[in-house]
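What follows is each chain in one-letter form.
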Amino acid sequence: QDSFPTDYEIAQSTEMEPIWDLLEPWDLGNDDLQYYGEYKAKVEHHAVERLREDAEDREQNLVLVTGMTPTPLGEGKTVTTVGLGQTLNHIGEEAMIAIREPSLGPVFGVKGGAAGGGYSQVLPMEDINLHFTGDLHALTSAHNLIAAMLDAKLSQGNELNMDVNEVSWPRALDMNDRALRETVIGLGGKTGGTPREDGFLLTAASEMMAVLCLAEDLGDLKERVARVIVAYDDDGEPVTVDDIEATGPVTMLLRDAIKPNIVQTIEGTPAFVHGGPFANIAHGTNSLIADKAAFGMGDYLVTEAGFGSDLGAEKFMNIVCRLGDMTPNAVVLVSSVRALKYHGQDMWPADFDAIEESGIDAVERGFENLDKHVENLQKFGVPVVVAVNRFPEDSDEEVQTVLDHCRDDLDVRAAESTVFAEGSEGGVDLAERVVGAVDENDPEDFTHLYEDEASIKEKIETVATEVYGADGVNYTGSAEDDIERMEELGFEEFPVCLSKTFHSLSDDASKKGAPEDWTLEVREIYPSAGAGFLVALTGDVLTMPGLPADPAAADMDIDADGNISGLF
Ligand SMILES: Nc1ncnc2c1ncn2[C@@H]1O[C@H](COP(=O)(O)OP(=O)(O)O)[C@@H](O)[C@H]1O
Ligand SMILES: O=COP(=O)(O)O
Ligand SMILES: [Mg+2]
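Calculation notes
- Residues numbered from 1 in each chain as written.
- Chains lettered and ligands numbered in written order.
- Predicted model: local features only at pLDDT ≥ 70, side-chain atom pairs only at ≥ 80, totals over all residues.
- Heavy atoms only, no water.
- Helix = DSSP H or I, 4+ residues; strand = E, 2+ residues; numbered from the N terminus.
- Expected span 1.5 Å × (residues − 1).
- Buried < 20%, exposed > 50% of the residue type's maximum accessible area, 1.4 Å probe, protein only.
- Axes fitted to C-alpha atoms, helices over the stretch in contact; angles between N-to-C directions.
- Parallel < 35°, antiparallel > 145°, perpendicular 65-115°, else oblique.
- Left-handed = near helix turned anticlockwise from the far one by under 90°.
- Contact = heavy atoms within 4.5 Å.
- Donors = N, O, S within 2.8 Å, 3.2 Å for Na, K, Ca; no water.
- Near = heavy atom within 4 Å.
- Polar contact = N/O pair within 3.5 Å; in protein donor to acceptor, adjacent residues only side chain to side chain.
- Nonpolar A, V, L, I, M, F, W, Y, C, P; charged D, E, K, R; others polar.
- Core = buried A, V, L, I, M, F, W, Y, C linked by side-chain atoms within 4.5 Å.
- pLDDT = per-residue confidence, 0-100.
- Areas by Shrake-Rupley, 256 points an atom, 1.4 Å probe, with all protein chains shown as cover.
- Salt bridge = Lys/Arg side-chain N within 4 Å of Asp/Glu carboxyl O.
- Lys, Arg positive; Asp, Glu negative; His and termini not counted.
- Phe/Tyr/Trp six-rings, centres within 6.5 Å; stacked < 30°, edge-to-face > 60°.
- Lys NZ or Arg CZ within 6 Å of the ring centre and 35° of its normal.

Attention shifts here to helix α19 (residues 456-468). In this model, α19 (13 residues) spans 17 Å end to end at C-alpha, consistent with the 18 Å of a helix rising 1.5 Å per residue. Those residues of α19 that fall on the buried side of the exposure criterion are I456, K459, I460, T462, V463, A464, V467 and Y468. Positive phi shows up at G469, right after α19, with a value of about 90°.

See the structure below:
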């Protein structure tokens, strides 16, 4: 691939339009936009409201992009989302894109940026992958203001009678720093506060992120912030952000972050890039505000849910579409030859690059994983289109084997996609099959996997058995007591967001394919009362990831003229 330019080189060689010129034909003018330089903007509240109203008179064809269980590098959902959005416009449809904004954790870690790649990127990729418009910084500050005000209450009179062992609000940082996973704070004697165990989670896993992504508008955001539970008192009663008098200042810190960011793709398609929850430790899709605004601008909205369909897509269907009252009209399942080969045998993610095998049988052995993801998605009653995201090292024969398997054995639409290497020229077959799927779809067929009235255990067990392929669920740690507390608090009707490894359909990262004869371990359940869902922790999933010994950061640099290298 030496000849192929880097993502950054392609981005730098693209002549971007000033964002005000780009958006003018899409009915967004100067007084609708808060500019962050020439190429980035936030959409003002009144314009979001107008777009929501405009959406009532438009077709709202919602296309979700998900994937099979990925290798540690990712299989191209963001690339496919951007590429498909570009291609739909290229073939004459009016399409919008909505994706999440990157976290510095993965940018400097293993996966790198989240602005797409090749000729299917959102721009300016170096801004978007670094500080963008400051939303992640604002969310980190908002999260930590709550933590600081909580500890101030705790160590200066504790008039709320908070139980020091029942504080449920850690600190946050937008960096993969395992050393901060478990900490002891309040040291230093009388002036140091109240000594207690604490820790950090990645900002993407903060309930502040989830609240931002599910809020309707600034007023709703404030009400949700107020409801966030940060601790329990000596009687086991919840203590909220409002109880510690932090609602106002925290919402004030998010007054810009709540406005959706809008940028452009390499081919000049407008794209919302807003909110950034991961799909393993959080719910995994961009803000509802961006989705609802996008529906007012185009007849198609292409949006991405993180990691495999067992994570992002399951949560999109069961949580986001439920809370946001949306109905997907088609789902694109991104597959790759490299991921299929990866699923031919059990292996730890770190051993991924050990795959040398080539040829058809190596690809065919991985079909078990792809088939399970297709089967899962069909349970939601939404038509599936498999995209074979072609990498440079793939042979025609390997790609054709996947297409034939999908069309002949699974009887689902499938298309080769080369939107990475070619932009919209490489996405026409995929886009046409997506349009076909949307045209044939009956939105009435869409269904959640469980009803609001189902019990908490029924919800967890439905996802575990129907989506992950588990035989059942084993509740360990505090899980049983937590469920009782959730029921006492009246949260039984909340949907459940399962936090699980993304390296496997199961909760064991070394298991590939479609693991059978296993039981899901759920060890803790806590409420995201502001977001409106419960979080169930499984296995050894980490809300504060760590950096590898050789992080992507080590290959990044900037010269005296500001030219960046190594960012991808
Ligand atoms: N067809 C492709 N050829 C080469 N590199 C690709 C291709 N598709 C994706 N990539 C690269 O793989 C990585 C993961 O892509 P991304 O779209 O972020 O995946 P996901 O969103 O599924 O995690 C990125 O570095 C991206 O540039
Ligand atoms: O939450 C994870 O998202 P990606 O799969 O797009 O990295
Ligand atoms: Mg992605």
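Two numbers describe how helix α12 (residues 309-324) lies on α19: the axes approach to 12 Å, and their chain directions differ by 130°. With respect to α19, the element α12 is oriented oblique. You can see that α12 and α19 cross each other, and the crossing is right-handed. Across from D310, L311, E314 and N318 in α12, the residues of α19 making contact are V463, V467 and Y468.

Time to look at the coordination of the magnesium ion (ligand 3). Metal coordination angles have textbook ideals: 109.5 degrees for a tetrahedral set of four donors and 90 or 180 degrees for an octahedral set of six. Around the magnesium ion (ligand 3), the protein contributes the donor atoms T78 (OG1) and E304 (OE), at 2.1 to 2.2 Å from the metal centre. Of this pair, T78 sits in helix α4 (residues 77-90) while E304 sits in strand β16 (residues 300-304); the two residues are 226 residues apart in sequence, bridging distant segments of the chain. In this structure T78 comes out as buried when scored by relative accessible area, which is 13%.

Taken together, 19 residues form the shell around ligand 1, and within it K77, T78, V79, K111 and R390 come nearest. In this structure, an oxygen atom belonging to ligand 1 sits 2.5 Å away from a side-chain N or O atom of K111. When residues of the shell around ligand 1 are traced back to their parent elements, those giving at least two are α4 and β5 (116-117). Among the elements that line the shell around ligand 1, the one with the most residues is α4, at three residues. Residues that form the shell around ligand 1 fall into these classes: six nonpolar, six polar and seven charged.

We now examine the nonpolar core. Counting 135 residues, the largest nonpolar core has M208, I262, F272 and I460 as the members making the most contacts within it. Counting residues per element, this core draws most heavily on helix α7 (residues 135-155), at eight residues. Apart from the residues lying within four places of it in its own chain, the contact partners of F272 are V43, M96, I97, A98, I99, P260, N261, I262, A290, A293, A294 and M297. With 24 residues, the next largest nonpolar core counts A11, I97, I128 and A552 among its residues.

Mean pLDDT for the protein chain: 96, with 99% of residues reaching 70 or above. Note on the complex model: pTM 0.97, ipTM 0.99.

The next thing to look at is the site of ligand 2. Neighbouring residues of ligand 2: K77, T78, R100, K111, F278, A279, E304, G306 and F307. Here K77 contributes a side-chain N or O atom positioned 2.7 Å from an oxygen atom of ligand 2. A distance of 2.5 Å separates an oxygen atom of ligand 2 from a polar side-chain atom of K111. Within the complex, 87% of the 240 Å² of free accessible area of ligand 2 lies under protein. Here the shell around ligand 2 is composed, by residue class, of three nonpolar, two polar and four charged.

Here helix α16 (residues 396-409) spans 19 Å end to end across 14 residues, near enough to the 20 Å set by a 1.5 Å rise per residue. Every buried residue belonging to α16 is among E398, V399, T401, V402, L403, H405 and C406, and all of these are buried. Buried residues in α16 make contact with β17 (328-335), α13 (337-342), α14 (360-364), α15 (367-378), β18 (384-389) and β19 (413-417).

To continue, consider the pattern of salt bridges. A complete count under the given rule lists 30 salt bridges for this structure. With a shortest N-O distance of 2.7 Å, K153 and E245 are connected by a salt bridge. Taken together, the positions of K153 in helix α7 and E245 in the loop between β13 (238-240) and α10 (247-253) put the pair 92 residues apart, joining distant regions of the chain. In this structure, K372 engages E375 in a salt bridge whose closest nitrogen and oxygen atoms are separated by 3.7 Å. Placement of both K372 and E375 in helix α15 is noted, with a separation of three residues, approximately one turn of the helix. With a relative accessible area of 10%, K372 lands in the buried category. A relative accessible area of 40% places E375 in the partly exposed class. Linked by salt bridges that have partners in common, D151, R171, R196 and D198 make up one network.

Before going further, it helps to examine the side chain of K77. As for its placement among the helices and strands, K77 is situated in helix α4. Buried within the structure, K77 lacks any salt-bridge partner; E304 is the closest side chain of opposite charge, at an N-O distance of 4.3 Å. With residues near it in sequence (within four places) discarded, K77 still touches V65, T66, G67, E304, A305, G306, F307 and V334.

Turning our attention to the packing of aromatic side chains. In this structure the tally under the stated criterion is six aromatic pairs. Relative to F502, the ring of F307 lies with its centre 3.9 Å away and its plane at 5°, an arrangement referred to as stacked. One end of the pair, F307, is in the loop between β16 and α12; the other, F502, is in the loop between β21 (496-499) and β22 (519-528), and 195 residues separate them in sequence. With a relative accessible area of 10%, F307 lands in the buried category. A residue is classified by how much of its surface remains accessible, and F502, at 15% relative accessible area, is buried. Members of the aromatic cluster, connected to one another through ring pairs, are F4, Y119 and F420. Lying across the ring of Y232, R485 places its NZ or CZ 3.7 Å from the centre. The ring of Y468 is capped by K500, whose NZ or CZ atom sits 4.7 Å from the centre of that ring.

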